[in-house]
Amino acid sequence: VQLVESGGGLVQEGGSLRLSCAASGGIFKINFMGWFRQPPGKQRELVATISSGGTPNYVDSVKGRFTISRDNAKNTVSLQMNSLILEDTAVYYCAVRAWGSPKYEYWGQGTQVTVSS
């Protein structure tokens, strides 16, 4: 499965960005889709996931601000990010978990999101 992210950039605090990720190749394998991020100098962390049936799950720090969605017909997953804060600055990665797999094993190349004051 190949994943290509788009939509990162520079935004002021309080602003919004929308990230998108397109999957190709072996898409029949896809169960969960998710977004992770790696802030500067920190470890990668989970941001949001969504099941094949559309059930979302979020880390507490983004609840109420971020919305994950997926289009199974187009094999895409998106992350709408509103009310961005400085702590949201990170490289954001799209990832996919295959059916029967306990972990996210397919990753995109990452897209930079920078929130400025």
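Predicted, not measured: the structure shown is a model, and the values here were computed from it.

Conventions adopted
Counting from 1, residues in each chain are numbered in the order their sequence is written. Totals for whole chains, interfaces and linings use every residue, but because this is a predicted model, local features are given only for residues with pLDDT of at least 70 and side-chain atom pairs only at 80 or more, for both listing and counting. The basis for every side-chain value is the complete set of non-hydrogen atoms in the structure, without hydrogens or water. We call a residue buried when its accessible area falls under 20% of the maximum for its residue type, exposed when it is over 50%, and partly exposed in between, using a 1.4 Å probe and counting protein chains only. Helix numbering and strand numbering both begin at the N terminus, where a helix is a DSSP run of H or I of at least 4 residues and a strand a DSSP run of E of at least 2. Strands were regarded as paired on the criterion that DSSP finds at least two bridges between them. Pairing of aromatic rings covers Phe, Tyr and Trp, the last counted by its six-membered ring, and requires centre-to-centre distances within 6.5 Å; plane angles under 30 degrees mean stacked, over 60 mean edge-to-face, and any other angle means tilted. Contacts: residue pairs with any heavy atoms within 4.5 Å of one another. Each axis is a line fitted through C-alpha atoms, and for a helix only the stretch in contact is used; angles between axes span 0 to 180 degrees, taken between their N-to-C directions.

Further remarks concern the pairing of strand β4 (residues 30-38). Counting buried residues along β4, 7 of its 9 residues qualify, which places the element largely inside the surrounding structure. Two elements, β4 and strand β9 (residues 90-98), share 8 bridges in a ladder whose sense is antiparallel. In the strand pairing of β9, arginine 37 is matched with tyrosine 92. Summarising the sheet, β4 and strand β5 (residues 45-50) pair through 5 bridges and their orientation is antiparallel. Across the sheet, residue phenylalanine 36 finds its bridge partner in β5, namely leucine 46. Hairpin connection between β4 and β5: a loop of 6 residues separates the two successive antiparallel strands, and glycine 41 in this loop has a positive phi of roughly 75 degrees.

The relation between two aromatic rings is expressed through the spacing of the ring centres and the mutual angle of the planes. Counted by the stated rule, this structure contains 2 aromatic pairs. An angle of 70 degrees between the planes, with centres 5.2 Å apart, marks the rings of phenylalanine 36 and tyrosine 104 as edge-to-face. Here tyrosine 104 lies in the loop between β9 and β10 (106-107) and phenylalanine 36 lies in strand β4, a separation of 68 residues in the sequence. Aromatic ring contacts, followed pair by pair, group Phe36, Tyr104 and Trp107 into a single cluster.

Inspection of the secondary structure puts threonine 49 in strand β5. Those residues in contact with threonine 49 that lie beyond four places of it in its chain are Met33, Gly34, Thr55, Pro56, Asn57, Ile68 and Tyr104.

Within the open sheet, the 4 strands sit side by side as β1-β3-β8-β7. Their pairing is antiparallel. Whereas interior strands pair on both sides, the edge strands pair on one side only; in this sheet they are β1 (2-6) and β7 (66-71). Taken over all neighbouring pairs, the strand axes of this sheet differ in orientation by 15 degrees on average, direction set aside. In this sheet, strand β8 (residues 76-81) lies alongside β7 in antiparallel orientation, the contact comprising 6 bridges. Looking at the pairing, arginine 70 lines up with valine 77 of β8.

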